[in-house]
Amino acid sequence: MPANLHDAKALVIDGNPQSRSIIVGQLRDAGVGTIVQCPRLADARTKLEMWTFDVVISEQYFEREDMTGQDLLDDLRRNQLLPFYTVFVMVTSESSYSKVAEAAESALDAYLLKPHTAAGLVERIVQARARKAALKHIFVAIDEEKFDEAAQLCKEHFEKRRPYYLYAARIGAELMLRGGHLHEAEKLYEAVVEAKTLPWARLGVARAQIEGGYQQRAITTLESLIETDPGYTDAYDIMGRAQFELGNFQAALTTFKRSTLLTPSSVNRLLKHGMMAWYAGEREDGVELLDRATRIGLDSKLFDPQALVLIAFARLDNNEHKGLQRCREQMEHIRDRFPDNPRPLRLLEVIEAMIAIQEYQTALALDEVRRLAKTIHLPSFDFESACNLLALMTRLAIRSIQLYEVDAAVDTMALRFCTSRALTELLACAAVGRQDFINRVRNAHTQILKLTEEAMSLSLKGDPQAAVIKLLQDGEQTLNAKIIESAHLVLQ
């Protein structure tokens, strides 16, 4: 029975010891089996990343903390760190009711106005657990990783208008998006919009449009959503992504700024905004944002260690020896926390090369850059690796440290990773300070477009077989995903 709480594990997050103890007492009186207390949101984030809870009760605002309970909820939900079955209850005062109502809708659970009674708290928890009990068959399928089956169960639940059908629709559409069933997801979101206009459903339509490659349509959908609901922060996240993919970096930067203004302590949004600012040329602002994200979330699963690499480049450019050493120490900390993950080690090697450059250990710096350059053709060498290697090569060139094979390496990376205008400009941003490198990157993109057009002309002339053969040959030579994808499209 959902009303039976003796098997439940609860987390209470409240900076006020007195109000925290009141909630804990109310939960104990209600028979909750296990209760964990937390006075700070940063500590709560760590606990929620390490363990699962049936019930989370969080105060909305915390003294001496920039972050809010809603920021925590948003980060966990957006990064899929909050299990579907967890009930999240937000506690707030009357004055901030509207914001918490939005958060409750986002998390699909409950909010509680202060002062609240024990009966009111238990009632909210029981109602939310009843809702999730009604959808237990869906959660069982999810736990068993039968995601397609769970999505279809959600769709059926919605279509038959069973209890909590909107809740089921949201879970189902989310699963469809994750599984790549974009058309089905979009149809389900649109059905929800038709049944009852809800911000998250319109946002879901935009997400499906982006995944399907219709960025401009997604922007139109999002502009309409933001016009009617300017405080719906998730809309700015998706809008920024669509603008970025269209190569409109300044528009994306403006959008991400709005997002961080609304949620100034969201680690994920600070990282997005900071990295966008860095690559859009506003490097001082970018470093400040990435620094703040590092202070708040270095130990969080939400933290992206590439932020430390960008900060390290800024420290190198400003000749800040202690700052660069600190970046190395922080990256070593992440490497030690995730010893089985090769990425922190790969990023640490980039920072080590920067330290060698700063300390005038020219031979060591050249050896490290050459070693990284030898991995350009490996499957593990990704776009991030290309940006970092190109940025290292640029720093060597600016310091007149001669790397004879640099032009060939730049061409190889550019031919491989210039799959769109946005990624081309992002790669070019890594070479700021060397216009010749930037020109080589852009020329490579032009070359890729030319190769694709030549092959497509063969197909249009009635020889699709020759087009596929040419595309596959060019794809094998350049390793460019756009060319290989074009071959697949011609085959279809």
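Residues numbered from 1 in each chain as written. Predicted model: local features only at pLDDT ≥ 70, side-chain atom pairs only at ≥ 80, totals over all residues. Heavy atoms only, no water.

### Focus on the packing of aromatic side chains
According to the stated counting rule, one finds five aromatic pairs in the structure shown. Between Phe244 and Phe249, the ring centres sit 5.4 Å apart and the planes meet at 10°, which makes this aromatic pair stacked. One exposure class covers both Phe244 and Phe249, and it is buried. Geometrically, the ring pair formed by Phe381 and Phe417 is tilted, given 6.1 Å between the ring centres and 40° between the ring planes. With a gap of 36 residues between them, Phe381 in the loop between α19 (362-373) and α20 (383-398) and Phe417 in helix α21 (residues 406-417) connect regions that are remote in the sequence. For the pair formed by Phe381 and Phe417, the shared burial category is buried. Among the aromatic residues, ring-to-ring pairing joins Phe381, Phe383 and Phe417 into one connected group. A cation sits over an aromatic face here: Arg161 above Phe158, 4.4 Å from the ring centre. Residue placement shows Arg434 over the ring face of Phe437; its charged tip is 5.2 Å from the ring centre. (Phe/Tyr/Trp six-rings, centres within 6.5 Å; stacked < 30°, edge-to-face > 60°. Buried < 20%, exposed > 50% of the residue type's maximum accessible area, 1.4 Å probe, protein only. Helix = DSSP H or I, 4+ residues; strand = E, 2+ residues; numbered from the N terminus. Lys NZ or Arg CZ within 6 Å of the ring centre and 35° of its normal.)

### What to know about the environment of Ala363
Along the polypeptide, Ala363 turns up in helix α19. Separated by 184 residues in the primary sequence, Ala363 and Gly179 have C-alpha atoms spaced 48 Å apart.

### Brief notes about the nonpolar core
One finds Ile351, Met354, Leu389, Leu390, Leu392, Met393 and Leu427 to be the most contacted residues of the largest nonpolar core, which totals 90 residues. Of the residues forming this core, the biggest block, 10 residues, is contributed by α20. With residues up to four places along the chain from it excluded, the contact list for Leu392 reads Phe313, Val350, Ala353, Met354, Ile357, Val369 and Leu372. Tyr167, Ala169, Leu198 and Ala208 belong to the second largest nonpolar core, which has 42 residues in total. (Core = buried A, V, L, I, M, F, W, Y, C linked by side-chain atoms within 4.5 Å. Contact = heavy atoms within 4.5 Å.)

### Things to note about the pattern of salt bridges
Any two side chains of opposite charge can pair if their charged atoms end up close together. By the definition in use, this model includes 32 salt bridges. What emerges from the salt-bridge pattern is a single network uniting Glu156, Lys160 and Arg162. (Salt bridge = Lys/Arg side-chain N within 4 Å of Asp/Glu carboxyl O.)

### Focus on the sheet that holds strand β1 (residues 9-13)
Whenever strands of a sheet pair, they do so through backbone hydrogen bonds, lying parallel or antiparallel. Sheet architecture is open: five strands sit in the order β2-β1-β3-β4-β5, paired in parallel fashion. Taken across any chain shown, the strands that pair with only one partner, and hence form the sheet edges, are β2 (34-38) and β5 (110-113). In this sheet, neighbouring strand axes are inclined to one another by 20° on average, regardless of whether the strands run parallel or antiparallel. For strand β3 (residues 55-59) and strand β4 (residues 87-92), the ladder comprises five bridges, and the chain directions are parallel. Paired with Val55 across the strands is Val87, a residue of β4. (Pairing = 2+ DSSP bridges. Axes fitted to C-alpha atoms, helices over the stretch in contact; angles between N-to-C directions.)

### What about the layout of surface pockets?
Volume-wise, the largest pocket comes out at about 1,100 Å³. If you trace the largest pocket, you find 40 residues lining it, with Arg77, Arg78, Gln80, Glu174 and Arg178 closest to the centre. Those elements that place two or more of their residues in the lining of the largest pocket are α3 (69-78), α4 (97-107), α6 (136-143), α8 (165-178), α10 (199-211), α12 (233-245) and α14 (267-279). A breakdown of the residues in the lining of the largest pocket according to their chemical character gives 19 nonpolar, seven polar and 14 charged. (1 Å grid on protein atoms, 1.4 Å probe; cavity = no way out; pocket = protein on both sides within 12 Å on 5 of 7 lines; lining within 4 Å. Points joined across faces, edges and corners; volume = space filled by probe spheres on them. Nonpolar A, V, L, I, M, F, W, Y, C, P; charged D, E, K, R; others polar.)

### Digging into the pairing of β5
The alternating pattern of β5 places Ala110 and Leu112 on a buried face and Tyr111 and Leu113 on a face that is not buried. Summarising the sheet, β4 and β5 pair through four bridges and their orientation is parallel. Bridge pairing links Val91 to Leu112 in β5.

### Some points on α14
With 13 residues, α14 ought to run about 18 Å at 1.5 Å a step, and its terminal C-alpha atoms sit 18 Å apart, in line with that. Of all 13 residues in α14, 12 are buried, a share of seventy percent or more. Backbone geometry just after α14 places Gly281 at a positive phi near 100°. (Expected span 1.5 Å × (residues − 1).)

### Re the side chain of Thr260
One can find Thr260 in helix α13 (residues 249-262). A polar side-chain atom of Thr260 sits 2.8 Å from a polar atom in the side chain of His273. Apart from residues no more than four positions distant in its own chain, Thr260 is found in contact with Arg269, Leu270 and His273. (Polar contact = N/O pair within 3.5 Å; in protein donor to acceptor, adjacent residues only side chain to side chain.)

These values are about where atoms sit, not about what they do.
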